[in-house]
Structure formats: structure tokens, C-alpha cells
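Secondary and tertiary structure notes
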Amino acid sequence: MTTRRAISALLFAAALAFHSAPAAAVCNQSAASTADTALWNTHGCWQAFFLWSYKAYDQRSSDWNNRGWNDACNVKLEFPKHWNAAYLVTYGLQDQNCCSWHGTSDYRALGEARGSNFHTSLYHTCSDDNCCFGSFDTHFFGPNEISTHCPLYNSTATNGNPASRAGDFMHEGWHAWLDKYNWDNGSCGGHRCGTPGNCTAKDACDYFYFHGVGAYAFGALYQTDGTANRFHSPNQVQVEFLCDVADYSKSWVPASVKQSAKADADARAVARFINGPGYKCGNPRPW
Amino acid sequence: MSRRTTRAPGVLLSALALVLAFPAASTEKKPKPPETTAPAGARPSEIVKQLATQKPPVLAGTGADATKSVAAFVDWAAASTSDQADLVRRAVAEAGRSAEIMGAFCEEAFAAQREDHSRALVVLALVGEARSKYGEECLVKFMAIPFPEKGTVVDGEILEQTALGTLQAKAIDGLAYLKSDSGDKLVFEAIAKHPSRIVRAEAIAAYLWNHDNSDKAKEALKPYVRKDELIFLDRVTRVEGEKKESFNRKLAAYLKAHPEVRPPAPTKAQPGKKPTVGEPPAF
């Protein structure tokens, strides 16, 4: 055990020493998806926003310096794509009391860095690891880490669009909620292992905790009564966010963003729940 | 997807970090904000007003002109707002009568499938919305793309399967929207035989929606639906504009009819317990 600690310490020291070195590889930076471009054109690279959002999401130049930190209006790069998704979360939802699952205040609190009822403080990074769409890492020192990975940035990828990227902020943010309140959502990366019940996504399965529309006041998504009647799982929060984008986003949110949100929500709802399917969003009219 | 724990408690590690952290903190500079050389533009509130007034490009021409006009229309439709939805619908309904234009849409769908998933979704939605025999030919061709058995595994799913599954689900929406014998035949086939649960689920939902979610429609689907997927016939959908009272009534009825979908109570993590490989097998 002592030997292991010593090795860990050496590795930690090495990691600190090389902390500011840029990553050797980056995601595909050759293009932005149609949905990313369409949303981007609604703000035309609003500089005041990214000068706010990098602080709100606690992004650091050392983590993003070869990913568009110094070229923040180039939508082919990861940092601009990240803040494009943050823009959608911050301004894109209608917050309809009659009909939305949850409100902007919930979704912002989940994704943003600030410690709150939703989670302890976070920072956002980008990773070339193709294991997954994103990850939540707890750290012994300092804030915890949400990392979004290349399949959320590559324009050819199914989830390389702003809605799916923002949906992952919710998913990983909910892992942070589970961590803050010490809930056990499973031992396979914070999910149930295998493909139990109706879930087909190996080692990425959750329960769906059905609730009605209006069951949570806006801002109260973090609440639970400790029973299955008032609880959420990471995939469920993600589906609810994506459905709110698909069905109840502001009128200016581009159709391609809504279509991508709906496709992601519907696919996730039938594949990732042990007691699924989860809710389906919207009607199946083609347009 | 994943939650990872990198907590590494230990006296040695803590001490080392503290030793290293102090000199770093003493020389730390003010964090450098992100930057750009692009000039600052108008505020988004102004930009979206201007975008909302953009007219749809004309869908016309033959050959290369048709291809060009379709590409411009797809760009516009992808960026269109919800207030412009009827404009989109009318334009593609009109274009549905043109073999040239629908052929160009079809080529665009196949090209985008490989390069830009969100564009492919938009194009297939437009082809389906056209509700035409040329559109149907395209959707049939798209449904015939072989479903991959292997591919890149990310978060427990095979990306290539999800990509094609979500696009073929969109194609199925268009086939069901035709409300024709030939279109329905493909919908039934998808419900019974498509390897993707995403497509099977969408086919059920699309057929039911196009037949007013009637009991008769549910009965018509039963011979095709897999036994373990019969629950999809009763699945709850939140439809745009639906009031909460209406949705909540449907949800309550669904949960009453299917008590098996009620999840177990959540459980607390054991403090300090880390994921392990578990105990060794019994001797």
C-alpha cells in the first residue's frame, strides 16, 4: 500500500509539472455541424457571452488553449462549440409553467460551475477520450470536473450538435448531484451494470423516475423526498432537458437544433432505461 | 456518461500537493480570458429579428441548379424558426411534385448521412413532409441502407447503429405520414423486424399518431409488435402545446396499467466505499 501511495505521489507530481502542457490530440476540428452553425448564426459570435460563460463554467486556458481559447469565434473548434451549447442553455428555453419539465434556472445550475443546491463547485474541460460522451470526476483538492469528449464535438457524430452537448452538461451535472447527496446510482461509472430490464446500452443504464408536468417548480429540480416518487437519474434529466429543447425552446432556436434534440431524447428514452421506455417527446410529424 | 473518482487520500499525497501548491500560488498570474480577432457584431436580439424575416430560397431548376437550390433551401430550413414552420411545410409540399427537386433532396440526404448527422435529420424531415411518391421512393431507399452490426462503442452504444437508427426513425416518420398502403407496409415491417429498438419504437409512435392514437390502430399494430415491446402501444408522449392536466392524466393511467415500470427506491451510497472488483468467488 505504501509503495502504491509513493507511486501515486510521483505520478501526481508529474501531472502537476506537466499540467500546462497542451494535449497531444484534439477532436476533429475541420467542421461544425449544421445545427451548430445554425445556432451560431443566431448570435454571430457574441463576445460578451463567452467572456461571461468561461467564468460561469470555470473553463481555464490551460485546458482549452489548443481548442479555440484564442480563436473563440471559430465555430469549428471545441471551446466555441462548448459556449455555443452554453448559450442554448442560458437563453434558449421558454420555461412554460404549463408544459416544460424544468426551467432554465435548473438547467443552468446543473451545468454551471458555481456550487449550489445542485452540486458542489465544478470546472469544465474537454477530453480526447472516446470512451464516452462525457465524464464527471471528483477531485480530492479543488472543484470537481465535468469533461465533455470528442463525440460531442465532431461534426460527423450523432451527438456533435449543441443540444446533445448541452444535454451532456445536464447528465454529468446530475452525477455531481448524486455525489453531493451521496446517492448510489450504480457501480458502472455511476450507472447500473450490464443491460438489465429494457436497457440496451451496456453499463450505462438508469431507472426512469416518472413524474408529471409541473411536479417540480422551476428551480426545484434538485429536490427529492428520498423515494422513487421524487427522484431523477442522469439519463432522465438529460432526456427531459432535450425534450424541453425540442418542444419548448424559444421561437428563434433553429429547427435543426430542435430536431437533433428530439432524435437524441427519443433514442436515449428507449435504450437507456431499465424500466423504459421513458417519455417520448413531441409528435412524429416529419416537420 | 461516466462518473469517475480520482480522490486519492493519503498523507504523502496531501503533503506533496501542499508543498507544490504554495510556490505555484505565489507566482500565479491573473487567468487569461478567451479571445478572438473577429470584430464585435450586433446583439443576438437584433440578429434573430433579422433572421426571422429571411424568405425561403426558391426550390426550382434541373440538374446542378436543382442541387444548388436544394442545398440553399436546406441551409435555410435548418436555421428556420418555429414561426416559419408553415412556410417550410408549404414549400416542400409544393416541391414534392418535382422529380428533379426530390431527387436532389434524396442525394443530399445520402451525402449528409456520412458527413453531418444534424443536416441528414433535417433533409429526411423535409423529404417526409413533402408527402410525395418521389419522397417515398427516397425514404424506401434510405430504409434499405444495411444496419451495421459492429462499430465504435461509446457509452454502451454502437455509434454507427445509433446514427443510422435515428435517421431511419426519421425516415419512418415520413413513411407513416404518407398514410398509404405502401408506406404502412414498411412501417409494419420496421415494427416487426428492424434491428434497432429506436426505429421500432418510432414506427409504433408514428403509426399511432397518424391514426389518432385510436384503439383500432393499436389493434392493427399488435400482430407486428414484439411481445416484449407491447408497452410501446401505451407509451406516454408529451405533445407540444398539451396542458399539464392532460398529460398528467395520461401518465397516471399509464402507471396504473403498467405497475411494472415503477422503479425501486433509490439507495444511498456507503460513505467512503469505492467501486471494487468485488469479493473473490466462493472456494
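Residues numbered from 1 in each chain as written. Chains lettered and ligands numbered in written order. Predicted model: local features only at pLDDT ≥ 70, side-chain atom pairs only at ≥ 80, totals over all residues. Heavy atoms only, no water.

Turning our eyes to something else, we now look at the packing of helix H8 (residues 159-178) of chain B against helix H10 (residues 197-210) of chain B. All names here are of chain B. Close contact between H8 and H10 brings their axes to 9 Å; oriented N to C, the two are set at 20°. One finds that H8 runs roughly parallel with respect to H10. H8 and H10 meet at a crossing whose hand is right-handed. Residues Thr162, Gly165, Thr166, Gln168, Ala169, Ile172, Asp173, Ala176 and Tyr177 of H8 form the contact with H10, whose participating residues are Ile198, Val199, Glu202, Ala203, Ala206, Tyr207, Trp209 and Asn210. (Axes fitted to C-alpha atoms, helices over the stretch in contact; angles between N-to-C directions. Helix = DSSP H or I, 4+ residues; strand = E, 2+ residues; numbered from the N terminus. Parallel < 35°, antiparallel > 145°, perpendicular 65-115°, else oblique. Left-handed = near helix turned anticlockwise from the far one by under 90°. Contact = heavy atoms within 4.5 Å.)

All names here are of chain A. The buried fraction of strand S1 (residues 122-127) amounts to six of the six residues, a majority that puts the element mostly inside the structure. Residues Leu122, His124 and Cys126 line one face of S1 and the alternating positions Tyr123, Thr125 and Ser127 line the opposite face, and both faces are buried. One ladder, built from six bridges, connects S1 with strand S3 (residues 144-149); its direction is parallel. In the strand pairing of S3, Cys126 is matched with Thr148. (Buried < 20%, exposed > 50% of the residue type's maximum accessible area, 1.4 Å probe, protein only. Pairing = 2+ DSSP bridges.)

Before going further, it helps to spend a moment on the packing of helix H6 (residues 117-130) of chain B against H8(B). The description of two packed helices rests on the angle between their axes and on the distance between the axes. Residues and elements named next belong to chain B. At a closest axis distance of 8 Å, the pairing of H6 and H8 adopts a crossing angle of 10°. Considering their axes alone, H6 and H8 lie roughly parallel with respect to each other. Where H6 crosses over H8, the handedness of that crossing is right-handed. Side by side, H6 and H8 meet where His117, Ala120, Leu121, Leu124, Ala125, Gly128 and Glu129 of the first sit next to Ala163, Thr166, Leu167, Lys170, Gly174 and Tyr177 of the second. Of the residues assigned to the contact of H6 with H8, the class counts are seven nonpolar, four polar and two charged. (Nonpolar A, V, L, I, M, F, W, Y, C, P; charged D, E, K, R; others polar.)

Turning to the environment of B:Ile47, a few remarks are in order. As for its position among the elements, B:Ile47 is in helix H2 (residues 44-51). For B:Ile47, a relative accessible area of 15% gives the class buried. Residues B:Ile47 and B:Glu35, twelve residues apart in the sequence, show an inter-C-alpha distance of 22 Å. Excluding residues that lie within four positions of it along the chain, B:Ile47 makes contacts with A:Asn41, A:Thr42, A:His43, A:Gly44 and B:Ala42.

This paragraph deals with unusual backbone geometry. Generally, phi is negative for residues other than glycine and the peptide bonds are trans, each holding for most cases. Residue A:Pro277 is bonded to the preceding A:Gly276 through a cis peptide linkage, with omega at 10°. Even without being glycine, B:Arg131 reaches a positive phi, approximately 50°. Its place among the elements puts B:Arg131 in the loop between H6 and helix H7 (133-143). Among the residues examined, B:Arg131 registers a relative accessible area of 41% and is labelled partly exposed.

Turning next to the confidence of the model for chain A. A low pLDDT score tells you not to read the predicted coordinates there in detail. Chain-level pLDDT for chain A is 92 on average; 91% of the residues reach the 70-or-more range. Every residue in residues 1-24 of chain A is under pLDDT 50, and counting partners more than four places away or in other chains gives 23 contacts. (pLDDT = per-residue confidence, 0-100.)

This next bit is on the nonpolar core. If you look at the biggest cluster of nonpolar residues, it comprises 147 residues, and the most contacted ones within it are A:Phe241, A:Trp287, B:Phe73, B:Phe105, B:Leu126 and B:Leu221. Beyond its immediate chain neighbours, meaning those up to four positions away, B:Phe105 contacts B:Leu59, B:Val70, B:Phe73, B:Val74, B:Val92, B:Val123, B:Leu126 and B:Val127. (Core = buried A, V, L, I, M, F, W, Y, C linked by side-chain atoms within 4.5 Å.)

Let us look at the side chain of B:Thr81. Its place among the elements puts B:Thr81 in the loop between helix H3 (63-79) and helix H4 (85-95). Ignoring anything within four residues of it in the chain, the contact list for B:Thr81 reads A:Ser251 and A:Trp252.

Here we come to the pattern of salt bridges. Enumeration according to the criterion identifies 25 salt bridges over all chains in this entry. Between A:Glu112 and A:Arg108 there is a salt bridge, with its nearest N and O atoms 2.6 Å apart. For B:Asp234, the salt bridge identified is with B:Lys218, shortest N-O distance 3.6 Å. Of the two residues, B:Asp234 is situated in the loop between helix H11 (215-221) and strand S4 (237-238) and B:Lys218 in helix H11; the sequence distance between them amounts to 16 residues. Given the relative accessible area of 33%, B:Asp234 is considered partly exposed. (Salt bridge = Lys/Arg side-chain N within 4 Å of Asp/Glu carboxyl O.)

So, on to the state of the cysteines. Residues and elements named next belong to chain A. Applying the stated rule across the entire model yields seven disulfides over all chains. Bridging Cys98 to Cys99, the disulfide has an S-S length of 2.1 Å. The chirality of the disulfide connecting Cys98 with Cys99 is left-handed, given an S-S dihedral of about -95°. Given a relative accessible area of 1%, Cys99 falls into the buried group. Should the bonded cysteines of chain A be numbered as they appear in the sequence, the pairing reads 1-8, 2-3, 4-5, 6-7, 9-10, 11-12. (Disulfide = S-S within 2.5 Å.)

The interface of chain A with chain B comprises 116 residues on the first partner and 100 residues on the second. Carbon and sulfur atoms make up 58% of the surface buried where chain A meets chain B, a total of about 9,000 Å² over both sides. It is A:Lys280, A:Pro286 and A:Trp287 that lose the most area in chain A upon contact with chain B, and together they represent 10% of the buried surface on that side. Counting across the chain A and chain B interface gives five salt bridges. For A:Asp244, the salt bridge goes to B:Arg238, with nearest N and O atoms at 3.0 Å. (Buried area = accessible area lost by both parts, 1.4 Å probe.)

All names here are of chain A. Under the criterion given, the structure shown has 38 aromatic pairs over all chains. On the numbers, 5.4 Å between centres and 45° between planes, the contact of Phe50 with Trp83 is tilted. You can see Phe50 sitting in helix H3 (residues 47-56) and its partner Trp83 sitting in helix H5 (residues 78-91), a full 33 residues away along the chain. In this structure, Phe50 and Trp83 share a single accessibility class: buried. Note on Phe118 and Tyr222: the rings are 5.5 Å apart at their centroids and 70° apart in plane angle, and the pair reads as edge-to-face. (Phe/Tyr/Trp six-rings, centres within 6.5 Å; stacked < 30°, edge-to-face > 60°.)

Residue and element names in this part refer to chain B. Within the element layout of this structure, Tyr207 appears in helix H10. For Tyr207, a relative accessible area of 7% translates into the label buried. When the C-alpha positions of Tyr207 and Leu175 are compared, they lie 9.2 Å apart, and in sequence the two are 32 residues distant. Aside from chain neighbours lying at most four places away, what touches Tyr207 is Ala176, Asp184, Val187, Phe188, Ala217, Ala220 and Leu221.

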